[in-house]
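Observations on chain architecture
What follows is each chain in one-letter form.
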Amino acid sequence: MDQELKKLRDDYRKNILPSSYSGALHLILSILGALGLIVLASTQIKRRSYGDLLFIPIAFLIANVVEYLAHRFLLHRPIKYFMVAFKEHTILHHSFFTHDAIEIETSKDFHRVLFSPSAVFFFIFIIGTPIFLMIAHFTHPSIGWISFIVGVSYYMFYEMVHTICHLHDHHWAFKIPGARFLKRFHQSHHNPKLMQQYNFNVLLPVSDWLFRTYKN
Ligand SMILES: [Zn+2]
Ligand SMILES: [Zn+2]
């Protein structure tokens, strides 16, 4: 790691990060919060037919496209009312982790990997909920709730996979099939020369393949 990056990380941990911050707690609360929403939403589903479950892969594909578009056009473009997203992601996340120094050094660095509570609120309730409501309107409320569950699960797995992408290669998480591939895929995205053009999916590069921005 070069000295400039080392200094940037040290400054962040010392001067910006609240001393009470716990990366483990941030990760646990993110997962528990998502699980809580999933359980609540599942109580709203009125069982009609197993055919409704066919909507799961469709909702997954919608979530994958939303992840792709939000990452490519909200997090990587300086847009007037969304500057905070650009700053948090392109400026801070990408300068803290580059392709040749992508690994976290301490669980405190989760602060630069996981979404903040306000970002989670924005993605689930401001971007996601209108989509779920529209699906419910054109299909059935239960299908709307199923798509909500898929969307929240997508967010939860996104956080887990993104965290794994920022772990050292020798971590036990890389025994999970596909984890090493997803890390290499995301690592290419952290190359400053490639980050504006390639590999915007984190969970599964379906949209990158569809929109021809896949690079490994
Ligand atoms: Zn990353
Ligand atoms: Zn990015």
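As the structure is a computational prediction, the values presented were derived from the model and not from experiment. (Residues numbered from 1 in each chain as written. Chains lettered and ligands numbered in written order. Predicted model: local features only at pLDDT ≥ 70, side-chain atom pairs only at ≥ 80, totals over all residues.)

**Comments concerning the packing of helix α5 (residues 117-138) against helix α6 (residues 141-165)**
The line we're drawing: Axes, fitted as lines to C-alpha atoms, cover a helix only where it is in contact. Angles between the N-to-C directions of the axes lie from 0 to 180 degrees. Per the convention used, a helix needs a DSSP run of H or I reaching at least four residues, while a strand needs a run of E reaching at least two, with both numbered from the N terminus. Convention used here: angles under 35 degrees read as roughly parallel, angles over 145 as roughly antiparallel, angles from 65 to 115 as roughly perpendicular, and any remaining angle as oblique. Throughout, a crossing is termed right-handed when the near helix is turned clockwise from the far one, and left-handed when it is turned anticlockwise from it by less than a right angle. Here the contact rule is simple: place C-beta atoms from the backbone, and any two residues whose C-beta atoms are within 7 Å are in contact. In the scheme used here, Gly and all other residues not listed as nonpolar or charged are polar, with Ala, Val, Leu, Ile, Met, Phe, Trp, Tyr, Cys and Pro taken as nonpolar and Asp, Glu, Lys and Arg as charged.
For the pair α5 and α6, the least separation of the axes is 8 Å and the interaxial angle reads 150°. Between α5 and α6, the crossing angle belongs to the class labelled roughly antiparallel. Crossing of α5 against α6: the hand is right-handed. Across the interface between the two elements, F123, I124, G128, F132, L133, I135 and A136 from α5 touch P141, I143, G144, S147, F148, G151, V152 and Y155 from α6. Here the residues of the contact of α5 with α6 are counted per class, giving 11 nonpolar, four polar and no charged.

**Here we look at unusual backbone geometry**
Among all residues except glycine, the phi angle is most often negative; among peptide bonds, the trans geometry is most common. The following threshold applies: The exposure scheme places C-beta atoms from the backbone and then counts, for each residue, the other C-beta atoms within 10 Å of its own, assigning buried at 20 or more, exposed at 12 or fewer, and partly exposed in between.
With a phi close to 60°, N199 is a non-glycine residue in the positive phi region. By secondary structure assignment, the location of N199 is in the loop between α7 (179-189) and α8 (206-210). With 24 C-beta atoms packed within 10 Å, N199 lands in the buried category. Positive phi outside glycine occurs at R212, with the angle close to 60°. Assignment of secondary structure puts R212 in the segment after α8. Accessibility expressed as a C-beta count within 10 Å gives 8 for R212, which makes it exposed.

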